[in-house]
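Given next are the chains, with one letter for each unit.
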Amino acid sequence: MKKKQKKNYILPLAAVLCVLSIAVMIFALTRQEVQTEMGEFTPPPFDAAAQVGTPVVPDGLGYSELDCQAYKVSLCGKLDTSGDLWLTNPESNEVWLKVRVLDAKGNILGETGLVRPGEYVQTVELTTIPKSGTPITLKIMAYEPDTYYSAGAASLNTTFA
């Protein structure tokens, strides 16, 4: 008979513990304050030197168009102390573009401002001039107009001329 009484207490006790644990979970979920800390985003400025149209680029600078799937961009693959990059955002694009020049460690050597579709920027101002033959990366970043959401990025690995 004692065995039967133990079984009678175990089942109601298990049910009470189950209900209590559900109540605690509900309480914890409703009281939980979600705090997502995000850094403050500062939209990049438009490049003051941007010109409307398509540039006439001198030969020998490796100027070509890159198809980045969501957008196209034209620029020079050879960057030297003049900083002539000839970043061109074709009129057919629906994104704003900018380029960052990075060294092998990811340090920013210079960057353009935003360039609207149908505009180009001839020169990127370099804050640090690397030695000739130094590996650099031209990081092309695209933004959706007005929202500044990323429309993708592409990198072109080259060497400083």
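Every value quoted in this text rests on a predicted model; they were computed, and no experiment measured them.

1. Observations regarding the packing of aromatic side chains
Then, number 1: Per the stated rule, a full pass over the model turns up 4 aromatic pairs.
Then, number 2: Residues tryptophan 86 and tyrosine 120 carry aromatic rings whose centres are separated by 6.1 Å and whose planes lie at 25° to one another, so their mutual orientation is stacked. Of this pair, tryptophan 86 sits in strand β4 (residues 84–89) while tyrosine 120 sits in strand β7 (residues 119–123); the two residues are 34 residues apart in sequence, bridging distant segments of the chain.
Then, number 3: We classify tryptophan 86 as buried; its relative accessible area is 8%.
Then, number 4: A relative accessible area of 11% places tyrosine 120 in the buried class.

2. Here we look at the sheet that holds strand β5 (residues 96–103)
Then, number 1: Spatially, the 4 strands line up as an open sheet ordered β6-β5-β8-β9, and their pairing is antiparallel. The outermost strands of the open sheet, each flanked by one partner alone, are β6 (108–111) and β9 (150–159). On average, adjacent strands in this sheet sit at an angle of 20° to one another, irrespective of strand direction.

3. Topic: the environment of threonine 158
Then, number 1: Topologically, threonine 158 is positioned in strand β9.
Then, number 2: What makes threonine 158 buried here is its relative accessible area of 19%.
Then, number 3: Distance from threonine 158 to threonine 137, taken between C-alpha atoms, is 6.0 Å for residues 21 residues apart in sequence.
Then, number 4: Those residues in contact with threonine 158 that lie beyond four places of it in its chain are Gly77, Thr134, Pro135, Ile136 and Leu138.
Then, number 5: At a separation of 2.8 Å, a polar atom in the side chain of threonine 158 contacts the main-chain carbonyl oxygen of glycine 77.

4. A short note on the pairing of β5
Then, number 1: The element β5 is extensively covered by neighbouring structure, given that 7 of its 8 residues are classed as buried.
Then, number 2: For β5 and strand β8 (residues 135–143), the ladder comprises 8 bridges, and the chain directions are antiparallel. Paired with tryptophan 96 across the bridge in β8 is tyrosine 143.
Then, number 3: The turn joining β5 and β6, which pair antiparallel and follow one another in sequence, is formed by 4 residues; a positive phi near 90° is taken by glycine 106.

Cut-off values and rules
- Residues numbered from 1 in each chain as written.
- Predicted model: local features only at pLDDT ≥ 70, side-chain atom pairs only at ≥ 80, totals over all residues.
- Heavy atoms only, no water.
- Phe/Tyr/Trp six-rings, centres within 6.5 Å; stacked < 30°, edge-to-face > 60°.
- Helix = DSSP H or I, 4+ residues; strand = E, 2+ residues; numbered from the N terminus.
- Buried < 20%, exposed > 50% of the residue type's maximum accessible area, 1.4 Å probe, protein only.
- Pairing = 2+ DSSP bridges.
- Axes fitted to C-alpha atoms, helices over the stretch in contact; angles between N-to-C directions.
- Contact = heavy atoms within 4.5 Å.
- Polar contact = N/O pair within 3.5 Å; in protein donor to acceptor, adjacent residues only side chain to side chain.

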